[in-house]
Amino acid sequence: MAIIRLEKVKKTYPLGKTVVPAVKGVDFEIQKSDFISLAGPSGSGKTTILNMIGCIDTPTEGVVEIDGVKTSDLNDKEITRLRHRTIGFIFQSFNLIPVLNVYENIEFPLLIGDTGISQKEQKKWIQFLIEEVGLGQWQKHRPNELSGGQRQRVAIARALVTKPKIVLADEPTANLDSATGETIINLMKKMNKELGTTFLFSTHDQKIVDLADHVIRLKDGLVSENYRPKAV
Amino acid sequence: MLQMIRIALRNISRQKKRSILLGSAIAFGFLVITLVNGFTGGLLKTTKENLSHLFGGHIYISGSIVSPLGSELPMIQDSFAAEEAIKAISDRVASVQYRSKTTGTLYFGNKEQTQKLEGVDFAAEQSFRTNIDISKGSLADIDKPGSLILPEATAKKLGVEIGETLLYRASTVTGQQNIGEFTLIATTTSSSVMVMDTGYTSKAYLNTLIGLDEGDYQSINIFLKDVAEVQTVADRLYSNLASNAPVSPRISADSTSSPRNMSAMRSSLMGMNQIVQVAKEEQWKGTKFSVTTIEDLMSPILSLLSIIQAVAFLVFIILLVIIMVGIMNSYRMVMIERTEEIGTMRALGVQKSGIRTIFFTEALSEAVLGTASGFVLALLIGGILSLINFGSGSFLSLFLARGHFVLQFSIPEALKNMLIICVMSIMAVYLPARSAANLEPAQALRATY
Ligand SMILES: Nc1ncnc2c1ncn2[C@@H]1O[C@H](COP(=O)(O)OP(=O)(O)OP(=O)(O)O)[C@@H](O)[C@H]1O
Ligand SMILES: [Mg+2]
């Protein structure tokens, strides 16, 4: 069964008296544990689609189904809980909480609600993730003391800490130089293979697109290509 | 929830200038109201003490009898009912004094001065010696007939020295003028400028002057352990008295007693005897008692103090409203500055209530820190002010205790004002907190794009 399913999804934004169509009717399915790239030029609707999958935005028309649940059936509280349990986020500009240090930033999602992970397990799990993303020595540092690449590593660990089924990453490499960007994507791929978490990331960098198991290409708010590249 | 509080507490130090500004504004408001309340509370206490020295007690039982000729004589003849009533409140009483008093004129050389005198039974009232504040002379000769203790100010006005003899003219309870000879043995530190301070002599000697028997007395003065409960204790005393003896209606500060009654009561307490004929049908048997308290006499001062307090409270509230506007604007700014951060938190699964908690906690901690520092400041300033000696001759001296301001800080009052500040802070932050919680996560996250 598909873990993400979009059916005839449309999204328009009001702009003065008219509306801007950002997504014009999109259908696709994503399989569990895949490493998926959402590609397309600027303005093609990548962020809009990721936001709707991430349940932080609602489609104007159509159905978004996450792990078998229609998001339009849920109220704000339930949607928030779904985000917390099922989805991890990685942002283009890292979006760490400035007053919390590295350890606390990674811990944060565990402390805002129940995740079914026991207290004892939590500590071990956070330590494991910190080592995995290579920030063992930076635990006590605040975000403003870290480089962009390091911040994005914190964000990856934070996105995985609740053991979500899906991690969404909107242009995770756009604020990094290409070498650092590549290591970040490789780190994501490593976590995808190790943990079996579904990763969906957007990019307009062709080199990164090629690392995916499944590519969905957008153009002007519509899917222009949807394919599985041959294994690299 | 705890996580949100942790973040909120750290956020406070994020915009140090703004937090300090808001905190100081709150501290200032709290400082003002606490100082004013401390002052009025202290004024109330010291004026009460000063007046109770003047009138010689906190509760006064006076009595009057009907003479065979049908006129009212101010004296207590059979004290059984009074004794019983005092026994019933004995756990509240510090001391009881039996005194007579009169207001007359002192003559020395070619000078004269109106003065209230109290007759004290020095043998029975041992505490008198320890409580009185002697400025000149000594109490060695206190038991000799005609020994007189005068307020310093009176002695100065008359130019009389210790050991010199003066004349005192007063009217007897039945209205004749009588003159007695007194020897000044000591002067007391004046507690007030009103020169209404009392002079003291032996009760037996004063009684003969005003036409009473040596053992008679006109009033029973009661000092309580705690002046604060004077009205409730007096009410209890009055109802006990009323069940055993005739009583005059209670005149109290808050009743609608006519000013004439009040002034009659005051002059009776001052010992200014007036002869009143009692109509046949209104006459009573034995002693008719009346009960007055220090608060009854203080009613004009009390209402002045409550006006000061009310004005201060109004100023405090106005100040708080201004601070509220400041808080509201600050947190609007906070919401705009942290839009992306709020979007991030919401995306990570923080409920709307979590965002509100952050805002409320931040505002509340600032309110608490502000009031706490305001309170400490008030204590400091109050402490320094109460060290200053304003002297005893100024117009302030009725409100001073030996030349010093007394600040009486009330903890319940401070807690109440702190609660008001907290509630108002929460109200002020409510709208920004709600808008922040209601931000659409996707829009909030796009805010920096
Ligand atoms: N809040 C909004 N109000 C109006 N129009 C919007 C809003 N958000 C997005 N759009 C429009 O929707 C379209 C798709 O935007 P979106 O951000 O999804 O594109 P994108 O593929 O993520 O682009 P980029 O690569 O630049 O991030 C664009 O034309 C954009 O101008
Ligand atoms: Mg985008």
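Residues numbered from 1 in each chain as written. Chains lettered and ligands numbered in written order. Predicted model: local features only at pLDDT ≥ 70, side-chain atom pairs only at ≥ 80, totals over all residues. Heavy atoms only, no water.

Chain B has a UniProt comment under Sequence similarities (unreviewed entry) that states "Belongs to the ABC-4 integral membrane protein family. LolC/E subfamily." The UniProt entry for chain B carries this comment under Subcellular location (unreviewed entry): "Cell membrane". (UniProt positions renumbered as here; feature names shortened; annotations may be inferred.)

Chain A has the name ABC transporter domain-containing protein in an unreviewed UniProt entry, where uncultured spirochete is given as its organism. Of the comments in the UniProt record for chain A, the one headed Sequence similarities (unreviewed entry) reads "Belongs to the ABC transporter superfamily. Macrolide exporter (TC 3.A.1.122) family."

Scanning chain A from N- to C-terminus turns up seven helices and 10 strands. In terms of overall dimensions, chain A is globule-like: its C-alpha atoms have a radius of gyration of 17 Å, near the 17 Å expected for 232 residues. Residues classed as buried in chain A amount to 55% of the 232 residues present. Across chain A, every contact between residues at least 6 apart in sequence was considered, and the portion connecting residues at least 24 apart equals 71%. Working note: accessible area of chain A is about 10,300 Å², and carbon and sulfur atoms make up 50% of it. Within chain A, the 28 negative side-chain charges are centred at a point lying 2 Å from the centre of the 31 positive side-chain charges. (Helix = DSSP H or I, 4+ residues; strand = E, 2+ residues; numbered from the N terminus. Rg over C-alpha atoms; globule rule 2.2 N^0.38 Å. Buried < 20%, exposed > 50% of the residue type's maximum accessible area, 1.4 Å probe, protein only. Contact = heavy atoms within 4.5 Å. Areas by Shrake-Rupley, 256 points an atom, 1.4 Å probe, with all protein chains shown as cover. Lys, Arg positive; Asp, Glu negative; His and termini not counted. Charge placed at Lys NZ, Arg CZ, Asp CG, Glu CD.)

This paragraph deals with the overall build of chain B. Assigned secondary structure in chain B consists of 14 helices and 12 strands. Taking the contacts inside chain B whose residues are at least 6 apart along the sequence as the reference set, 80% of them involve residues at least 24 apart. Looking at chain B as shown, the accessible area adds up to about 20,600 Å², and 61% of this sits on carbon and sulfur atoms.

This brings us to the sheet that holds strand β8 (residues 198–203) of chain A. All names here are of chain A. Taken together, six strands build an open sheet; the order of strands is β6-β7-β8-β3-β9-β10 and the sheet is mixed. Pairing within the sheet leaves two strands with one partner each, and these edge strands are β6 (87–90) and β10 (222–227). Between one strand and the next, the sheet's axes are offset by a mean angle of 20 degrees, whatever the strand orientation. In terms of strand pairing, strand β9 (residues 214–219) meets β10 through five bridges, oriented antiparallel. When the sheet's bridge partners are listed, I216 is paired in β10 with N226. Across the sheet, helix α5 (residues 148–160) lies against β6, β7 (166–170) and β8, angled at about 170 degrees from β6, the strand it touches most. (Pairing = 2+ DSSP bridges. Axes fitted to C-alpha atoms, helices over the stretch in contact; angles between N-to-C directions.)

Accessible area lost during the coming together of the parts is what is often quoted as the interface size. In this assembly, 24 residues from chain B lie in contact with 29 residues from chain A. Counting each side, the surface lost to burial between chain B and chain A is near 2,400 Å², with a carbon and sulfur contribution of 56%. When the buried area of chain B at its contact with chain A is split by residue, B:R10, B:L348 and B:Q351 rank highest and sum to 25% of it. Between A:E104 and B:R6 there is a salt bridge, with the nearest N and O atoms lying 3.6 Å from each other. Those elements that provide at least two residues to the side of chain B that touches chain A are α1 (2–12), α11 (339–347) and α14 (441–446) of chain B. Across the side of chain B that touches chain A, the residue classes break down as 10 nonpolar, six polar and eight charged. (Buried area = accessible area lost by both parts, 1.4 Å probe. Salt bridge = Lys/Arg side-chain N within 4 Å of Asp/Glu carboxyl O. Nonpolar A, V, L, I, M, F, W, Y, C, P; charged D, E, K, R; others polar.)

Bringing the pattern of salt bridges into the picture now. Here the structure, examined in full by the defined rule, presents 27 salt bridges over all chains. Salt-bridge contacts for B:R6 lead to A:E107; the nearest nitrogen and oxygen are separated by 3.4 Å. Here A:E107 lies in helix α3 (residues 102–111) and B:R6 lies in helix α1, a pairing that spans two chains. In this structure A:E107 comes out as buried when scored by relative accessible area, which is 16%. Between A:E225 and A:R217 there is a salt bridge, with the nearest N and O atoms lying 3.0 Å from each other. Overall, A:E225 belongs to the partly exposed group, its relative accessible area being 37%. It is possible to trace a salt-bridge network through shared partners that takes in A:E104, A:E107, B:R6 and B:R10.

Before going further, it helps to spend a moment on the packing of aromatic side chains. For any pair of aromatic rings, the description rests on two quantities: the centre-to-centre distance and the angle between the ring planes. Tallying each qualifying case throughout the model produces 11 aromatic pairs over all chains. A ring pair is formed by B:F375 and B:F409, whose centres lie 6.4 Å apart and whose planes are at 65 degrees; its orientation type is edge-to-face. In this pair, B:F375 sits in helix α12 (residues 352–385) while B:F409 sits in the loop between α12 and α13 (411–437), placing the two residues 34 residues apart along the sequence. Its relative accessible area of 25% is what places B:F409 among the partly exposed residues. Members of the aromatic cluster, each reached through a chain of ring pairs, are A:F35, A:F199 and A:F201. (Phe/Tyr/Trp six-rings, centres within 6.5 Å; stacked < 30°, edge-to-face > 60°.)

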